Amino acid sequence: MIEPMLTGAEARSRNILIVVSLSGLFGCALLIGFMMLVERHSADRAEADRRTYYMAAHDMLTGLGNRSQLQQAVDAVFSPDHIGPRPALILIDLDKFKPINDTFGHAVGDRILTLVAGRMRALCAREDLVARLGGDEFAVLVADGQSVERIETLANRLCHVLSEPFDVDGHKLGIGASAGVAFAGGDAGNTTDLMVAADLALYAAKAAGRGCAHLYRPELMAAALKRRRLEADLREALKKGELELYYQPIVRADTGDVTRMEALMRWRHAELGFISPADFIPLAEETGQIVALGAWAIQTACADIASLGGDVSVAVNLSPVQIRHESLIGTIRAALAESALAPHRFEVEITEGVLLENDRQTLEVLHTIRSLGVGIALDDFGTGYSCLSYLQHYPITCIKVDRSFVSTLGQEKGARPIISTVVALAHNLGMFTVAEGVETDAQLRELTELGCDEVQGFYLGKPKPLAELRPTLKVSQSA
Ligand code: C2E
Ligand code: MG
Ligand code: MG
C-alpha cells in the first residue's frame, strides 16, 4: 500500500521540481532581458544627451563652438576657481562676405564659412576655443593670453589667411577679415566687459580700413561713450533748435557775382559747444538720423533762399543714406512747393560714394530729382574713384573740383593739368564747374585762367548765417 503512494509522491515532487526550475529559468531570462533593455535604453539616452549637449554647444554648419559655449568658457575664466593663465579673446568679422552670399547663393556662402572655420582651426592651438558666433562673426578664446605680441601676431595671421582666395565650385572668391583683441588679464573683469572690449577693438579695426587686427585700448571705451552721448543728444538737437544752416557763397569766376550758396549744417551743442559736421554727419548717417536732419536742411534752405528774392540758388548736401530712403523725393517736392522756390534755384550735392553702388534705384532717384528741374552737383570730385562712366550715366549738372587740387595749385605740377582736364571734360559734357576751397588771390586768378566757371572758398567768403550774408548779397545783386 505504501509503495505506490511513495512512487506517486515522488513523481509529484519531481514534477513540482521541474515546474519550479522552469519558472526560475523563465524568471532569470526575463530578468536578463529586462536588464539588457534597461542598459540599451540608458546607452540610447546617453547618446541622445551627448547629441543634445553637442548641438547646444556647437555651430551645426562648421562644427566650431557656438556663442553659448564661448560665453560659458569666458564665464569660467572669471570664476574664483579659475586656475592658470588668463585667456585673450579675438573677435573676427568677415569683410565682403555678404555680397558673395547674395551673389553666389547660400550654398556657396555656407561652403566659404566651413572653409573659414578650417583655416582658423588650423592656425589655433588645440586648447584654444574657436567659435562661430553667428552669420560671419567668429571668435577665438586663446587659452594662454599672456603674451600680447603672440596674440597680436595670431590675430593678424588669422586676418591674413582669411584674405587668401577661397576656391568654391570653380570660383576663386576673395573675402577678408578684421579682428579685435581684448585680454581677460588686463582689459576686463567680467564676461560682458571682455566681449565689449573686443568688440570696440574690432570696430576700430574696421574704421582703420579693415583687413587688420586692433588691440583694445581704454581710449576706445571713452570714444564709444562719447559717441553714445552724442548720438542721444543729436536726437534732441533738432527739437532743441541747436542745429543751424550756414551759407557759403559760390561766385562766378569772371564777374565775382554770387550765383549760389552752399547750405552747411552747424550744431551748437548746449554744453560741448560747436561740433563740426565732419564729426556729427557720419554719426547721423550711421544711426539713420540723417534722414530727419537732411529733410530739415532741405526745407530750411528752400525757405531761406526763397525769402531772399533775386535769383541766387541754394545747394544742399545729400548723404547716400538719404538717397536710399524712400522719403527723399517727397521731401524735395514738399520743400519746393511750400517755399514756392523755383526748382532751378535748388541743387543737391552728392559724392561719388552715392554712385559707387551703381544700382538702378540710385539712378532712378537722381533722374526723378533732375526731372523736377533741380540741379545735381558731384561734390569733392577727384577724391574718390572719379570713374568717368558716372558722368555718362548719371544726370549730373555740375562738377565741384575738390579742395585738394586747388590747394596744391602752384605747388604741385599735376594740379593745373588735372583741373584744366576736368573743366574741359565737364564743358564737353554740358556741365559747369565749381572749384572748392579757394583761399588766395593767386588761386582765384589761376582757376579763372583755367576756365573754371565758379569758385567757392574762404577767400570769397566763409560759411555764415543767412542774416550776416543778406546785406552783402543785396550789394552784389544790385551791382
Ligand atoms: P563739403 O560739402 O565739401 O563742404 C565744403 C566744406 O569745406 C565745408 O566744411 C566748408 O566750410 C569747407 N570750406 C569751404 N571753403 C573752404 C576753404 O577755403 N578752405 C577750407 N579749408 N575749407 C573750406 P564743413 O562746413 O565743415 O562741412 C564739411 C562736410 O560736411 C561737407 O563737405 C559735407 O560733406 C558735410 N555736410 C555739411 N553740411 C551737410 C548737410 O547738411 N548734409 C550732409 N549730408 N552733409 C553735410
Ligand atoms: Mg558740398
Ligand atoms: Mg566739397
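The model shown is predicted, which means the values in this text are computed figures rather than measured ones.

Okay, the layout of surface pockets next. Approximately 930 Å³ is the volume attributed to the largest pocket. If you trace the largest pocket, you find 35 residues lining it, with E262, L264, P277, N317 and D379 closest to the centre. Counting only elements with at least two residues in the lining of the largest pocket, the list comes to strand 8 (243–252), strand 9 (258–269), helix 8 (277–287), helix 9 (290–308), strand 11 (313–317), helix 10 (320–324), strand 12 (346–350) and strand 13 (375–381). Grouping the constituent residues of the lining of the largest pocket by class yields 16 nonpolar, 9 polar and 10 charged. As for the second largest pocket, its lining consists of 13 residues, and the residues nearest its centre are L200, Y203, L220, A224 and R227. With 7 residues, the top contributor of residues to the lining of the second largest pocket is helix 7 (residues 218–237). In the lining of the second largest pocket, the residues fall into 9 nonpolar, no polar and 4 charged.

Between helix 3 (residues 97–104) and helix 4 (residues 106–123), whose axes approach to 6 Å, the crossing angle comes to 140 degrees. Here helix 3 lies oblique to helix 4, going by the angle between them. Taken together, the residues of helix 4 that come into contact with helix 3 (itself represented by F97, I100, N101 and F104) are H106, V108, G109, I112 and L113.

Distances from the magnesium ion (ligand 3) to its protein donors, D379 (OD), D380 (OD), E436 (OE) and E436 (OE), fall within 2.0 to 2.8 Å. Mapping the donors of the magnesium ion (ligand 3) onto the primary sequence gives the spacing D-D-x55-E. The two metals, the magnesium ion (ligand 3) and the magnesium ion (ligand 2), are separated by 3.9 Å and share D379 as a common coordinating residue. Here D380 is found in strand 13, whereas its partner E436 is found in the loop between strand 15 (432–435) and helix 17 (441–449), with 56 residues between them in sequence. Residue D380 is classed as partly exposed on the basis of its relative accessible area of 25%.

Take the nonpolar core next. By size, the foremost hydrophobic cluster in this structure holds 74 residues, and its most contacted members are Y247, M261, F346 and I369. By residue number, the principal contributor to this core is helix 9, which donates 10 residues. Grouped together as the second largest cluster of nonpolar side chains are 33 residues, L94, V116, L162 and A213 included.

Another aspect to go through is the coordination of the magnesium ion (ligand 2). The protein atoms donating to the magnesium ion (ligand 2) are E262 (OE), N317 (OD1), E349 (OE) and D379 (OD), with metal-donor distances spanning 2.0 to 2.3 Å. Sequence positions of the donors to the magnesium ion (ligand 2) reduce to the motif E-x54-N-x31-E-x29-D. What makes E349 buried here is its relative accessible area of 1%.

Moving on: the pairing of strand 8. Of all 10 residues that make up strand 8, 8 are buried, and the element is covered over most of its length. Sheet topology places strand 8 next to strand 9; 9 bridges connect them, and they run antiparallel. Residue pairing across strands places P249 opposite M261, the latter belonging to strand 9. The hairpin turn running from strand 8 into strand 9, its antiparallel successor, is 5 residues long, and G256 in that turn takes a positive phi close to 85 degrees. Of the strand pairs in this sheet, strand 8 and strand 17 (residues 464–465) are connected by 2 bridges, and their pairing is antiparallel.

Looking now at the domain arrangement of the protein chain. Domains assigned within the protein chain are domain 1 (67–216) and domain 2 (231–478). Measuring from the centre of the C-alpha atoms in domain 1 to the corresponding centre in domain 2 gives 41 Å.

Side-chain pairs of opposite charge can arise whenever the charged atoms involved come near each other. According to the stated counting rule, one finds 22 salt bridges in the structure shown. A salt bridge links R416 to E446, with the shortest nitrogen-to-oxygen separation between them at 3.0 Å. Residue R416 is located in helix 16 (residues 415–428), and its partner E446 is located in helix 17; the two are separated by 30 residues in the primary sequence. Residue classification places E446 among the buried residues on the basis of a relative accessible area of 19%. In this structure, E449 and R416 form a salt bridge, with 3.4 Å as the shortest nitrogen-oxygen distance. Separated by 33 residues along the polypeptide, E449 in helix 17 and R416 in helix 16 bring together distant segments of the chain. On the basis of relative accessibility, which here comes to 60%, the residue E449 falls in the exposed class. With a relative accessible area of 33%, R416 lands in the partly exposed category. Three or more residues joined by partner-sharing salt bridges are found here, namely R229, D233 and E271.

With that settled, the discussion passes to the confidence of the model for the protein chain. Averaged over all residues, the pLDDT of the protein chain is 91; the fraction at 70 or higher stands at 95%. Taken together, the stretch residues 475–479 has pLDDT below 50 and engages in 6 contacts with residues farther than four places along the chain or on a different chain.

Per the stated rule, a full pass over the model turns up 0 disulfides. Free of any disulfide, C159 has its nearest cysteine sulfur in C212, 6.7 Å distant. The exposure class assigned to C159 is buried, which follows from its relative accessible area of 3%. Note on C398: no disulfide assigned, nearest cysteine sulfur contributed by C452 at a separation of 9.6 Å. Residue C398 is classed as buried on the basis of its relative accessible area of 0%.

Right, let's get into the sheet that holds strand 6 (residues 176–183). Strands sit in the order 2-3-1-6-7 across an open sheet of 5 strands; the sheet is mixed. The sheet terminates laterally at strand 2 (129–134) and strand 7 (213–215), the two strands that pair on one side only. Looking at each pair of strands side by side, their axes are set apart by 20 degrees on average, direction ignored. Where strand 2 meets strand 3 (residues 137–142), 5 bridges bridge the pair, whose relative direction is antiparallel. Counted as the bridge partner of R132 is F138 from strand 3. Here helix 2 (residues 67–77) sits on the sheet in contact with strand 1 (88–95), strand 2 and strand 3, set at roughly 130 degrees to strand 2. Docked against the sheet, helix 5 (residues 148–163) engages strand 1, strand 3, strand 6 and strand 7, running at close to 165 degrees with respect to strand 6.

Reading the values: the criteria
- Residues numbered from 1 in each chain as written.
- Chains lettered and ligands numbered in written order.
- Predicted model: local features only at pLDDT ≥ 70, side-chain atom pairs only at ≥ 80, totals over all residues.
- Heavy atoms only, no water.
- 1 Å grid on protein atoms, 1.4 Å probe; cavity = no way out; pocket = protein on both sides within 12 Å on 5 of 7 lines; lining within 4 Å.
- Points joined across faces, edges and corners; volume = space filled by probe spheres on them.
- Helix = DSSP H or I, 4+ residues; strand = E, 2+ residues; numbered from the N terminus.
- Nonpolar A, V, L, I, M, F, W, Y, C, P; charged D, E, K, R; others polar.
- Axes fitted to C-alpha atoms, helices over the stretch in contact; angles between N-to-C directions.
- Parallel < 35°, antiparallel > 145°, perpendicular 65-115°, else oblique.
- Contact = heavy atoms within 4.5 Å.
- Donors = N, O, S within 2.8 Å, 3.2 Å for Na, K, Ca; no water.
- Buried < 20%, exposed > 50% of the residue type's maximum accessible area, 1.4 Å probe, protein only.
- Core = buried A, V, L, I, M, F, W, Y, C linked by side-chain atoms within 4.5 Å.
- Pairing = 2+ DSSP bridges.
- Domains from an automatic or database assignment.
- Salt bridge = Lys/Arg side-chain N within 4 Å of Asp/Glu carboxyl O.
- pLDDT = per-residue confidence, 0-100.
- Disulfide = S-S within 2.5 Å.

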